[in-house]
Amino acid sequence: MAWSKCKIEIGKTGANDSMAENLTDIGVILNQSSSLEAEAGDSLQAIATGGEVVAEEAQEGTLRLETTLIEPTDTLLTLLGIGTTGENETSISTHIVDGEWSVKVTPKNIGAKGIAAPKCSITYTPSWDEENGNQATLTFNILKTTDANPNYWYKRFTTTSAL
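## Observations concerning the side chain of E9
So, point 1. If you trace the backbone, E9 turns up in strand β1 (residues 7-12).
So, point 2. Given the relative accessible area of 13%, E9 is considered buried.

## Focus on the state of the cysteines
So, point 1. Per the stated rule, a full pass over the model turns up zero disulfides.
So, point 2. Not engaged in a disulfide, the cysteine C6 finds its nearest cysteine sulfur in C120; these two sulfurs lie 15 Å apart.

## Quick notes on the pairing of strand β8 (residues 89-92)
So, point 1. Across four bridges, the pairing between strand β7 (residues 83-86) and β8 is antiparallel. Across the sheet, the residue bridging to T84 is S91, located in β8.
So, point 2. Here β7 hands over to β8 after two residues, with N88 in that stretch at a positive phi of 60°.

## A few points about the pattern of salt bridges
So, point 1. Tallying each qualifying case throughout the model produces five salt bridges.
So, point 2. The shortest N-O distance in the salt bridge between E9 and K7 comes to 3.7 Å.
So, point 3. For K7, a relative accessible area of 28% corresponds to the partly exposed category.
So, point 4. When the shortest N-O distance is used, the salt bridge between K119 and E100 registers 3.9 Å. Placement of K119 in strand β10 (residues 113-129) and of E100 in the loop between β8 and β9 (101-106) is noted, with a sequence separation of 19 residues between them.
So, point 5. When its relative accessible area of 8% is taken as the criterion, K119 is described as buried.

## Side note on the side chain of T145
So, point 1. Along the chain, T145 turns up in the loop between β11 (133-142) and β12 (155-158).
So, point 2. Side-chain polar atoms of T145 contact the backbone nitrogen of Y152, separated by 2.9 Å.
So, point 3. Residues in contact with T145, not counting those within four places in the same chain, are D17, P118, K119, P150, N151 and Y152.

## Concerning unusual backbone geometry
So, point 1. The backbone phi angle of N16 is positive, close to 55°, even though this residue is not glycine.
So, point 2. One can find N16 in the loop between β1 and β2 (24-25).
So, point 3. In this model, E71 sits at a positive phi of 45°, which is unusual for a non-glycine residue.
So, point 4. The residue E71 is located in the loop between β6 (62-70) and α1 (74-79) in this model.

## Details of the packing of aromatic side chains
Think of a pair of aromatic rings as described by two things: how far the centres are apart, and how the planes are tilted against each other in angle.
So, point 1. Tallied over the full model, the rule gives zero aromatic pairs.
So, point 2. Of note, K104 hangs over the ring of F157, and the distance from its end group to the ring centre comes to 5.1 Å.

## Some thoughts on the pairing of β9
In the case of a regular strand, side chains alternate between the two sheet surfaces.
So, point 1. Of all six residues in β9, five are buried; the element is thus mostly enclosed.
So, point 2. Of the strand pairs in this sheet, β1 and β9 are connected by six bridges, and their pairing is antiparallel. Along β9, the bridge assignment pairs I10 with V103.
So, point 3. With four bridges joining them, β9 and β10 adopt antiparallel strand pairing. Paired with K104 across the strands is A116, a residue of β10.

## Considering the nonpolar core
So, point 1. Core analysis: the biggest nonpolar cluster contains 25 residues, and I10, L80, V103, Y124, L138 and F140 have the highest contact counts within it.
So, point 2. Only β1, β6, α1, β9, β10 and β11 provide two or more residues apiece to this core.
So, point 3. A total of five residues in this core trace back to one element, the largest contributor, which is β10.
So, point 4. When sequence neighbours within four positions are dropped, the list of residues in contact with L80 reads I10, V97, W101, I122, Y124 and L138.

Criteria and cut-off values
- Here, residues in each chain are numbered from 1, in the same order as that chain's written sequence.
- In view of the model being predicted, local features appear only for residues whose pLDDT reaches at least 70, and side-chain atom pairs are presented and counted only at 80 or more, with totals across whole chains, interfaces and linings using the full set of residues.
- Derived side-chain values reflect all non-hydrogen atoms in the structure, with water molecules and hydrogen atoms excluded from consideration.
- For the purposes of this entry, the term helix denotes a DSSP run of H or I that reaches at least four residues, the term strand denotes a run of E that reaches at least two, and both are numbered from the N terminus.
- Accessibility here uses a 1.4 Å probe with only protein chains present; expressed as a share of the type maximum, an area under 20% marks a residue as buried, one over 50% as exposed, and anything in between as partly exposed.
- Disulfides are defined as cysteine sulfur pairs within 2.5 Å.
- By this definition, two strands are paired if DSSP reports at least two bridges between them.
- When a carboxyl oxygen of Asp or Glu is within 4 Å of a side-chain nitrogen of Lys or Arg, the pair counts as a salt bridge.
- Two N or O atoms count as a polar contact when they lie within 3.5 Å, although within protein this holds only if one can serve as hydrogen donor and the other as acceptor, and sequence-adjacent residues are included solely when both atoms are side-chain atoms.
- Contacts are residue-level and defined by heavy atoms, with any inter-residue pair within 4.5 Å sufficient.
- Pairing of aromatic rings covers Phe, Tyr and the six-membered ring of Trp, with a centre-to-centre limit of 6.5 Å; geometry is then stacked below 30 degrees between planes, edge-to-face above 60, and tilted otherwise.
- Throughout this description, the term charge over a ring refers to an Arg CZ or Lys NZ atom that lies within 6 Å of the ring centre and within 35 degrees of the ring normal.
- Residues grouped as a nonpolar core are buried Ala, Val, Leu, Ile, Met, Phe, Trp, Tyr and Cys residues, joined through side-chain atoms within 4.5 Å.

See the structure below:
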């Protein structure tokens, strides 16, 4: 139950692929909608005559965090750069989130392991239906840092205080 009721925060990636200094809570997360999944990378093979595999090398895969928000706020849409708030309305100009972002997932339970990824791309996918109302799925494709020393995907941390 370590990852029940997590808090997810985002911010613009800092200089040299560093973790964002200022993080913002993304909002109310739909029950059981968050997941962190790895996908295996391609496998390179050297194949000799007759189809015999004589060498094989695995390539890095991908890591993706996905979550669904209930009633995403205008503040979030503005933060992501996809909406402009006016008087009693928000104009959505795109669903493409530009730039690189940091994401932090903090579990509510003390002692549980969270993650902090300094460099991600974000995909924003809105939806609406009569049963669930306004929702949006945020997909974070976690990218390996290139300017950080050492280069890494994410750091794991231990939650030290209750949310």
